[in-house]
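Given next are the chains, with one letter for each unit.
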Amino acid sequence: MKYYPAFLDLRKRPCTVVGGGAVAERKALSLLTAGADVTVISPTLTPKLHQLSVSGKITHLKKNFEEQDIDRALLVIAATDSPEVNSGAARACREKNVLVNVAVPPEESSFIVPSVVERGELVIAVSTGGASPALSKKIRQKIEKQYGPEYGLLLRELASLRKRMLEEVPYEDARRKIFQAIVDSDILDLLRQGKTREAKLRMAELAGFTNRP
């Protein structure tokens, strides 16, 4: 296994994007979606990045990249249209032990961004270790068809149920059996059919809450 798979909690963590073009815009938006504190370093920005800068959603350093720009960064994405600049940023990151993803050349990266399917809190990531983005895309498209929005709905209900279970079902083994019964039941089918109320009632039944307030 070339890369260690992990999901990072980037909420309010400093992340830096080097570059202000279309690729940098896409990377910055994905970091913002994850709740990161995003700084973009570039003499110019796309209209969208400029808008985000004016609104205060990102910090813009209107300059060329310098090594000291990443002193606070948890991770860096080098996404300029210059392989030389990207490689320089990657080298600085390696020297400072900062995680870096490089658009071009990708082999300079210390982490790669997988192809992702999102269904609410369910996130399924696919990676070929950088060998074939096309294959990653193909697999992701197959997963998208297999796992519909009902999985996100189920997770939302399970998260709500979990809070009550922790308060009212004291034994971990009992909670585990209930959750297993729920995921093995017909609740996903009900959600897929738009029968949300029926799904909630079925979940309460399996949890033993049917006759409780």
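Our structure is the block above this text.
Scope of this entry: the structure provided in the associated data block. If you're wondering where the values come from, they're calculated on a predicted model, not measured in any experiment.

The next thing to look at is the overall build of the protein. Within the protein, the secondary structure is distributed over 8 helices and 7 strands. Here the C-alpha atoms of the protein give a radius of gyration of 22 Å, more than 25% beyond the 17 Å that 2.2 N^0.38 yields for 213 residues. The dimensions of the protein, computed from C-alpha atoms along their principal axes, are 65 × 35 × 35 Å. In the protein, which comprises 213 residues, the proportion classed as buried is 36%. Long-range contacts, defined here as pairs at least 24 residues apart, represent 48% of the contacts in the protein between residues at least 6 apart. Only carbon and sulfur atoms are counted for the fraction: they give 52% of the accessible area of the protein, which is about 13,400 Å². Mean positive and mean negative side-chain charge positions of the protein (33 and 26 charges, respectively) differ by 3 Å.

Before going further, it helps to examine the side chain of Asn101. Position of Asn101 relative to the elements: it lies in strand S5 (residues 99-102). On the basis of relative accessibility, which here comes to 5%, the residue Asn101 falls in the buried class. In this structure the side chain of Asn101 is engaged in a polar contact, spanning 3.0 Å, whose partner is the backbone oxygen of Phe111. If sequence neighbours within four positions are ignored, Asn101 has contacts with Lys27, Val76, Ile77, Ala78, Ser109, Phe111, Ile112 and Val113.

Once that is clear, we can look at the pattern of salt bridges. Scanning all chains against the criterion turns up 16 salt bridges. Between Arg176 and Asp173 there is a salt bridge, with the nearest N and O atoms lying 3.2 Å from each other. Taken together, the residues span about one helical turn, with Arg176 and Asp173 both in helix H6 (residues 172-183) at a distance of 3 residues. Among the residues examined, Asp173 registers a relative accessible area of 39% and is labelled partly exposed. A single network of salt bridges, built from pairs that share partners, joins Glu172, Asp173, Arg176 and Lys177.

The subject of this paragraph is the environment of Thr46. Within the fold, Thr46 resides in the loop between strand S2 (37-41) and helix H2 (47-54). Sequence-wise, Thr46 and Gly20 are 26 residues apart; in three dimensions their C-alpha atoms are separated by 6.1 Å. Contact partners of Thr46, with chain neighbours within four places excluded, come to Gly20, Gly21, Ala22 and Glu25.

What follows deals with the packing of aromatic side chains. Per the counting criterion, the structure on display carries 1 aromatic pair. Taking NZ or CZ as reference, Arg164 lies 4.1 Å from the ring centre of Phe209, over its face.

Bridge count for strand S4 (residues 75-78) against S5 is 4 bridges, and the pairing is parallel. Bridge pairing in S5 places Val76 opposite Val100. Handedness of the crossover joining S4 and S5 through helix H3 (residues 83-95) is recorded here as right-handed.

What follows is about the sheet that holds S5. An order of S3-S2-S1-S4-S5 is seen for the 5 strands of this open sheet, with the pairing classed as parallel. Sheet topology places strand S3 (59-61) and S5 at the edges, where each strand pairs with a single neighbour. The average undirected angle you get between the axes of adjacent strands in this sheet is 20°. Bridge count for strand S1 (residues 14-18) against S4 is 4 bridges, and the pairing is parallel. Considered in S4, the bridge of Val18 is made with Ala78. Those strands touched by H3 are S1, S4 and S5, and its axis lies near 165° from that of S5.

About the criteria used
Residues numbered from 1 in each chain as written. Predicted model: local features only at pLDDT ≥ 70, side-chain atom pairs only at ≥ 80, totals over all residues. Heavy atoms only, no water. Helix = DSSP H or I, 4+ residues; strand = E, 2+ residues; numbered from the N terminus. Rg over C-alpha atoms; globule rule 2.2 N^0.38 Å. Buried < 20%, exposed > 50% of the residue type's maximum accessible area, 1.4 Å probe, protein only. Contact = heavy atoms within 4.5 Å. Areas by Shrake-Rupley, 256 points an atom, 1.4 Å probe, with all protein chains shown as cover. Lys, Arg positive; Asp, Glu negative; His and termini not counted. Charge placed at Lys NZ, Arg CZ, Asp CG, Glu CD. Polar contact = N/O pair within 3.5 Å; in protein donor to acceptor, adjacent residues only side chain to side chain. Salt bridge = Lys/Arg side-chain N within 4 Å of Asp/Glu carboxyl O. Phe/Tyr/Trp six-rings, centres within 6.5 Å; stacked < 30°, edge-to-face > 60°. Lys NZ or Arg CZ within 6 Å of the ring centre and 35° of its normal. Pairing = 2+ DSSP bridges. Right-handed = clockwise from strand over helix to strand, strands pointing away. Axes fitted to C-alpha atoms, helices over the stretch in contact; angles between N-to-C directions.

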